[in-house]
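This is what each chain is made of:
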Amino acid sequence: MGQEKARYSVLYDSSIIATTCMGSYRNSLREIRFDYVIVDDAQKANIPELFIPLSQVKVQAILIGDSEQPGPNSQIPEMCKSMFKLLIKRLKYPASFLTTTYHLPTMVCDISSGLFYGGHLQHDPQAINSYAKISPAQKGPLMLINCLGEEEVVGDSYINEAEAVCIKDLIRTFLKNGVGQKKISVITYTLEQKYNIMMRCEELKDVRIETTEAFQYHTNEYVIVSCVRSSMEGDDIGSLGKAERLNNVLTRATRSLIIVGNARNLYRNQNWRNFIDKHFDAIFCEGLGDSPTALTSSQVAEEEKESSLSHEAESDDEEYGWTSINEGGNSRRGSYNFGRGRNNPRRMRSRFLRRRNYALHY
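Rules used throughout
- Residues numbered from 1 in each chain as written.
- Predicted model: local features only at pLDDT ≥ 70, side-chain atom pairs only at ≥ 80, totals over all residues.
- Heavy atoms only, no water.
- Phe/Tyr/Trp six-rings, centres within 6.5 Å; stacked < 30°, edge-to-face > 60°.
- Helix = DSSP H or I, 4+ residues; strand = E, 2+ residues; numbered from the N terminus.
- Buried < 20%, exposed > 50% of the residue type's maximum accessible area, 1.4 Å probe, protein only.
- Lys NZ or Arg CZ within 6 Å of the ring centre and 35° of its normal.
- Core = buried A, V, L, I, M, F, W, Y, C linked by side-chain atoms within 4.5 Å.
- Contact = heavy atoms within 4.5 Å.
- Pairing = 2+ DSSP bridges.
- Polar contact = N/O pair within 3.5 Å; in protein donor to acceptor, adjacent residues only side chain to side chain.
- Salt bridge = Lys/Arg side-chain N within 4 Å of Asp/Glu carboxyl O.

Caption draft 1: Up close: the packing of aromatic side chains. This structure, assessed with the given rule, holds 3 aromatic pairs. Between the aromatic rings of Phe 174 and Tyr 222, the centroid separation amounts to 5.0 Å while the plane-to-plane angle is 50°, which identifies the pairing as tilted. Of the two residues, Phe 174 is situated in helix α6 (residues 161-176) and Tyr 222 in strand β10 (residues 220-226); the sequence distance between them amounts to 48 residues. Here the aromatic rings of Trp 272 and Phe 275 are separated by 5.9 Å at their centres, their planes lie at 75°, and the arrangement is edge-to-face. Here Phe 275 and Trp 272 lie together in helix α10 (residues 270-278), a separation of 3 residues that amounts to about one turn. Of the two residues, Trp 272 and Phe 275, neither departs from the other in class, the shared state being buried. When the ring centre of Tyr 267 is taken as reference, the NZ or CZ atom of Arg 273 above it lies at 5.4 Å.

Here is the structure:
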């Protein structure tokens, strides 16, 4: 009892107290009223959580958060509602928008700004835009690698062995290019895939491997994302397709972000489709050298044969060039006929996505 009174006395006389939403209801703080309460990352707090510190305000409460980032995570649907998002989006409560981000590469910032912030988000003029390339084919700090491995059900979760293998090879490539392990992080959409990648990368002790939720408030210079889901069954791709989760993934890297996933499966979702469509003019087919997604010479020959058989009857064709790198490391040119309706981007895009492997570069 004496210790509790001493703790209360110290807290009562303090000018600034840092705690969590739930921690503000501890015995030592419960009876204290504060002139000002500042809640950081307020979008992550559900309604009951946020009401705890708000009930202790005497003058003003300041909520700081991002309404376009993921909110509370709970197995109970009612507990997944964010009071911050409710105030901003539904009740249109007056809010100030901070327009400058200081950790994203310029190109990634522009993409996120256009997709989620109405073009209002700006990058820091002094943003770092240099990065270690994993391939001469890489055009910018953001790249989507198409990986066609099958997902496997493990308990109530999923793993994707092909993505795990690809990610380990990508980490090795970064290390060969002088990037330290502590500068590399891997995030994945499922807990089982996290454990799967950790087992494969057991010797890489300093590479941080987390789920997207656990990594939400963290950044690193180089981030690799495992999308896991690849099944074309069903009408959607689950929580992977939520706009706020895509935004969260796009904004974790300060130098370079690589997304590994099944592009055709991702394209079925409207949010991912908007992401790909908006930057379709930046998509082209090139191999990735020693990457497991590079097309082999036999695959090149097979796809050339399939392409000529499926499109030889079409007229008014337009060629779209692509380059692959075979097992020997030699570049090989080819072409893909898009056929009638060449001015229809959706038709061109759908045929392009039928290819076995491709990389999307920005």
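Caption draft 2: Representation of the nonpolar core within the structure. If you look at the biggest cluster of nonpolar residues, it comprises 28 residues, and the most contacted ones within it are Leu 142, Val 225, Leu 250, Leu 257, Ile 259, Trp 272 and Phe 275. Elements supplying a minimum of two residues to this core: α5 (106-116), β5 (142-146), β10, α8 (243-250), β11 (253-261), α9 (263-267) and α10. A total of 4 residues in this core trace back to one element, the largest contributor, which is α5. Ignoring anything within four residues of it in the chain, the contact list for Val 225 reads Ile 187, Tyr 189, Val 249, Leu 257, Ile 258, Ile 259 and Val 260. Counting residues in each nonpolar core, the second largest holds 23 residues, with Ile 134, Ile 167, Phe 174 and Cys 201 among its members.

Caption draft 3: Up close: the pairing of β11. For β11, the buried fraction is high: 9 of the 9 residues fall into the buried class. As paired strands, β5 and β11 are joined by 5 bridges and run parallel to one another. Considered in β11, the bridge of Ile 145 is made with Val 260. Bridge count between β10 and β11: 6 bridges; the pairing is parallel. Bridge pairing in β11 places Asn 220 opposite Ala 253.

Caption draft 4: Representation of the environment of Lys 81 within the structure. Mapped onto the elements, Lys 81 comes out in the loop between β2 (57-63) and α4 (83-90). Considered as a pair, Lys 81 and Pro 48 are 33 residues apart in the sequence and their alpha carbons are 9.7 Å apart. When residues no more than four places from it in sequence are discounted, the contact partners of Lys 81 are Ala 45, Asn 46, Ile 47 and Pro 72. Within the structure, Lys 81 has its side chain in polar contact with the side chain of Glu 78 (distance 3.2 Å).

Caption draft 5: Seen up close, the pattern of salt bridges. A full pass over the atoms with the stated rule returns 12 salt bridges. With its nearest N and O atoms 2.7 Å apart, the salt bridge here joins Arg 200 to Glu 161. Here Glu 161 lies in helix α6 and Arg 200 lies in helix α7 (residues 191-200), a separation of 39 residues in the sequence. Overall, Glu 161 belongs to the partly exposed group, its relative accessible area being 25%. Beyond isolated ion pairs, a larger network of salt bridges with shared partners links Lys 194, Arg 208 and Glu 210.

Caption draft 6: Seen up close, the side chain of Ser 24. Topologically, Ser 24 is positioned in the loop between α1 (2-12) and α2 (27-30). Of the polar contacts made by the side chain of Ser 24, one reaches the backbone oxygen of Cys 21; its length is 2.6 Å. Residues contacting Ser 24, with those up to four places away along its chain left out, are Thr 19, Leu 29, Arg 30, Ile 52, Pro 53 and Gln 56.

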